[in-house]
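Spelled out from the first residue to the last, the chains are:
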Amino acid sequence: MKDKDALCQSLADAGCSDTMTKQFISLMEQGQEKEGFALLARHRKTLLEHCHAAERKIDCLDYLVYQVEKRTKHHQGGMQHGRKADPDSGMG
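Per chain, residues are indexed from 1 in the order of the written sequence. Whole-chain, interface and lining totals are the exception, using all residues; otherwise, since this is a predicted model, local features are given only for residues with pLDDT of at least 70 and side-chain atom pairs are given and counted only at 80 or more. Where side-chain values are given, they derive from all heavy atoms of the structure, hydrogens and water being excluded.

(A) Local environment of helix H2 (residues 18–29). Compared with the 16 Å implied by 1.5 Å per residue over 12 residues, the 16 Å span of H2 between its first and last C-alpha is a close match. For helices the rule is a DSSP run of H or I covering at least 4 residues; for strands it is a run of E covering at least 2, with both sets numbered from the N terminus onward. In the segment just after H2, Gly31 is the residue with positive phi, at about 80°. For a helix, the expected span equals 1.5 Å multiplied by the number of residues minus one.

The structure is reproduced here in structure tokens:
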């Protein structure tokens, strides 16, 4: 029973639902290891897809920060002594 508890905990730690955990254990107890491993492989694929989606969101956020910083620096570069440079004065 201790091994089964450890297995359940490992599956929970891996993000498996109670239903998936029960299904996996049932498959393994029935000697259907191939199907059990296929279940885990599908779960892994789902987790990886979520990871990639999060990476794309991070990339978008990084680009947004870059654009805002670039715009902020551009506006600060056009300032002289706390005032905007007069484009007709030849300064800035």
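Let's pick the thread back up.
(B) Representation of the nonpolar core. Buried Ala, Val, Leu, Ile, Met, Phe, Trp, Tyr and Cys residues form a nonpolar core when they are joined through side-chain atoms within 4.5 Å. Type-normalised accessible area, obtained with a 1.4 Å probe on protein chains alone, sets the label of each residue: buried when under 20%, exposed when over 50%, and partly exposed for intermediate values. Membership of the largest hydrophobic core is limited to 6 residues, which are Leu11, Cys16, Met20, Phe24, Leu27 and Leu39. Here this core gets 3 residues from one element, more than from any other, and that element is H2. Whether two residues touch is decided by their heavy atoms; if any such pair falls within 4.5 Å, the residues are in contact. In contact with Phe24, not counting residues within four places along its chain, are Leu7, Leu11, Gly36, Phe37, Leu39 and Leu40.

(C) Quick look at the side chain of Thr21. Checked against the element boundaries, Thr21 lands in helix H2. Its relative accessible area of 8% is what places Thr21 among the buried residues. Those residues within four positions of Thr21 in sequence are excluded, and the remaining contacts are Cys8, Leu11 and Cys16.

(D) Summary view of the side chain of His43. In this fold, His43 is placed in helix H3 (residues 33–77). Nitrogen and oxygen atoms within 3.5 Å of one another constitute a polar contact, given that in protein one can donate a hydrogen and the other can accept it, and given that sequence-neighbouring residues count only through two side-chain atoms. Of note is the side chain of His43, whose polar atom sits 2.9 Å from the backbone oxygen of Ala14. Residues within four places of His43 in sequence aside, it is in contact with Ala14, Gly15, Cys16 and Met20.

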